[in-house]
Amino acid sequence: MKKKNTIPLIISSVAGAFAAVWIIFGLSNLNSAKRENAEVIETQAPVKNIIFLIGDGMGLVQVNAAMLSHAEPLAIERAQFVGLQKTYSATNKVTDSAASGTALATGTKTYNGAIGVGPDTARLTSVLEKAAAKGLSTGLVATYRITHATPAAFIGHVPHRDMEEQIATDFLKTDITLFIGGGRNQFEQRRDGQNLSDSLKAKGYQVVYTPEALDSIESGKVAALLADSHLPDILGGRDSLYLSTSTAKALDILSQNDNGFFLMIEGSMIDGGGHDNNIDKVIAEALDFDRAVAEAFDFADRHPGTLVVVTADHETGGLTLPENGNGVEYLFSTGNHTGSMVPVYSYGAYAGCFTGIMENTDIPTRMAELLGL
Ligand code: MG
Ligand code: ZN
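Residues numbered from 1 in each chain as written. Chains lettered and ligands numbered in written order. Predicted model: local features only at pLDDT ≥ 70, side-chain atom pairs only at ≥ 80, totals over all residues. Heavy atoms only, no water.

Mind laying out the overall build of the protein chain, listing which residues take part and the relevant values?
A count of helical and extended segments in the protein chain gives 14 helices and 12 strands. Counting over 373 residues, the protein chain shows a buried share of 54%. When contacts within the protein chain are restricted to residue pairs at least 6 apart in sequence, long-range pairs at least 24 apart make up 71% of them. Surface exposure of the protein chain reaches about 15,600 Å², of which carbon and sulfur atoms provide 53%. (Helix = DSSP H or I, 4+ residues; strand = E, 2+ residues; numbered from the N terminus. Buried < 20%, exposed > 50% of the residue type's maximum accessible area, 1.4 Å probe, protein only. Contact = heavy atoms within 4.5 Å. Areas by Shrake-Rupley, 256 points an atom, 1.4 Å probe, with all protein chains shown as cover.)

Rendered as structure tokens:
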């Protein structure tokens, strides 16, 4: 900001003929200098908002397959920096989404199956929880149940990912601003007979069950439980704008807080396409995720001080793209996860902090530092 303020000072202090000469001969230089300054100021603006997009199971080749299927460049290709992250967990060279989600949320590697707890099952604190405690707005958006491993790792603390009803109760223990996804049954059809949606309403949440009802909300705390379990996948009829529209709505609401926000958005079902060895599903879900990435990058363009990080929790399917005589073949080597490194794409304020070869745990650690948490 200091640099920006010196420009009018310099202009006002340079008088007479010198200024005229400068204006005539130096205008183009000044303009380019101003542009450079603007870029420096923008990249140096402190990080106020973080949008963290996780494509579950989205390795480099899944992104590559989506690119090959799409006539236009993907939004993800606008990334200003690219890095790689190592996904292994504390117990396995091949992680699951619980351990990798916990690593990406808390900065600690743990055992496969763990949600928000360390190898000793001790409670960890996620970057979302730290942000909420410091008065930032926070949000989670997913296409699976909101209590499923990846979003759960940012708010839940249970020894095993299957304890989803317990994870749902954890949504009442953090002052999260907004969450959008499936999983209504985990809140309302519970073995303990509790209706957590009533508890959410008592805490001031607007609880909604349809995209239309969500769309009508302009501000405040929101719990959008848009399916009993997971939403349908794209090939099964999910609205192809669900994730991008939900992202835009989340950004509208969260950005009303002058303290800034932390938002995690998951493309949950790229992973399912990998498990099913179904390339059409992988590509449809990856393209859907990419539309959410476009929303995030566009938001960062309009709001300096916004950092966007896009990555995966692990690769699923061992996908390769060999030549088969007539073109490319989409060849899966497994129905499970793999230990491949996955790409990290970054954009906006301090995006250059997410390059090189990283541990998955480096990502939330750097995010917390950048937000001053
Ligand atoms: Mg997931
Ligand atoms: Zn999986």
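Got a sec to walk through the sheet that holds strand β6 (residues 221–225)? Specific residues and values, please.
Pairing is mixed across the open sheet formed by 10 strands, whose spatial order is β5-β6-β4-β3-β7-β1-β8-β11-β2-β12. Each of the sheet's edge strands pairs with one partner strand only, and the pair in question is β5 (205–208) and β12 (356–359). The sheet shows a mean angle of 15 degrees between the axes of neighbouring strands, taken without regard to direction. Relative to strand β7 (residues 261–267), strand β3 (residues 137–145) runs parallel, the two sharing 5 bridges. By the bridge assignment, Thr 138 is partnered in β7 with Phe 262. Docked against the sheet, helix α11 (residues 242–254) engages β1 (49–55), β3, β4 (178–182), β6 and β7, running at close to 175 degrees with respect to β7. (Pairing = 2+ DSSP bridges. Axes fitted to C-alpha atoms, helices over the stretch in contact; angles between N-to-C directions.)

Hey, could you go over the coordination of the zinc ion (ligand 2) for me, with residue numbers and the actual values?
Donor atoms from the polypeptide that bind the zinc ion (ligand 2) are Asp 271 (OD), Asp 271 (OD), His 275 (NE2) and His 337 (NE2), placed at 2.1 to 2.3 Å. Each donor residue of the zinc ion (ligand 2) lies on one chain, and together they are spaced D-x3-H-x61-H. Separated by 4 residues within a single helix, Asp 271 and His 275 lie in helix α12 (residues 270–275), roughly one turn from each other. A relative accessible area of 32% places His 275 in the partly exposed class. (Donors = N, O, S within 2.8 Å, 3.2 Å for Na, K, Ca; no water.)

Report on the pattern of salt bridges, specifying residues and quantitative values.
In this structure the tally under the stated criterion is 18 salt bridges. Lys 86 is the partner of Glu 359 in a salt bridge, and the nearest nitrogen-oxygen pair spans 3.4 Å. Note that Glu 359 is positioned in strand β12 and Lys 86 in strand β2 (residues 81–86), a separation of 273 residues in sequence. What makes Lys 86 partly exposed here is its relative accessible area of 32%. Residue Glu 285 is joined to Arg 238 by a salt bridge in which the shortest nitrogen-to-oxygen separation is 2.7 Å. Taken as a pair, Glu 285 in helix α13 (residues 279–302) and Arg 238 in the loop between β6 and α11 lie far apart in primary sequence, 47 residues in all. For the pair formed by Glu 285 and Arg 238, the shared burial category is buried. One connected set of salt bridges, linked through shared partners, spans Arg 238, Glu 285, Asp 288 and Arg 291. (Salt bridge = Lys/Arg side-chain N within 4 Å of Asp/Glu carboxyl O.)

Tell me about the coordination of the magnesium ion (ligand 1), residues and numbers included.
Only Asp 56 (OD), Thr 150 (OG1) and Glu 266 (OE) from the protein reach the magnesium ion (ligand 1) as donors, at distances of 2.0 to 2.2 Å. Counting the intervening residues between successive donors of the magnesium ion (ligand 1) yields the motif D-x93-T-x115-E. Placement of Asp 56 in the loop between β1 and α3 (60–69) and of Glu 266 in strand β7 is noted, with a sequence separation of 210 residues between them. A single burial state applies to Asp 56 and to Glu 266, both of which are buried.

An account of the environment of His 303 is needed here, citing residue identities and associated values.
With respect to the element layout, His 303 can be found in the loop between α13 and β8 (306–312). On a C-alpha basis, the gap between His 303 and Lys 48 in space is 9.5 Å, while along the polypeptide they are 255 residues apart.

Please provide a residue-by-residue account of the pairing of β2, values included.
Looking along a regular strand, one sees the side chains alternate between the two faces of the sheet. Bridge count for β2 against strand β11 (residues 342–348) is 5 bridges, and the pairing is antiparallel. Note that in β11 the partner of Phe 81 across the bridge is Ser 346. For β2 and β12, the ladder comprises 4 bridges, and the chain directions are parallel. Residue pairing in the sheet places Gly 83 in a bridge with Gly 356 of β12.

A description of the packing of aromatic side chains should follow, citing residues and the corresponding values.
Tallied over the full model, the rule gives 8 aromatic pairs. Geometrically, the ring pair formed by Phe 179 and Phe 187 is stacked, given 5.8 Å between the ring centres and 20 degrees between the ring planes. Taking relative accessible area as the criterion, Phe 179 reaches 0% and is therefore assigned buried. Residue Phe 187 is classed as buried on the basis of its relative accessible area, which comes to 0%. The ring of Tyr 88 has Lys 109 sitting right over it, with the charged end atom 3.6 Å from the ring centre. Against the face of Tyr 209 rests Arg 184, its NZ or CZ located 3.5 Å from the ring centre. (Phe/Tyr/Trp six-rings, centres within 6.5 Å; stacked < 30°, edge-to-face > 60°. Lys NZ or Arg CZ within 6 Å of the ring centre and 35° of its normal.)

Function cannot be read off these values alone, since they describe shape.
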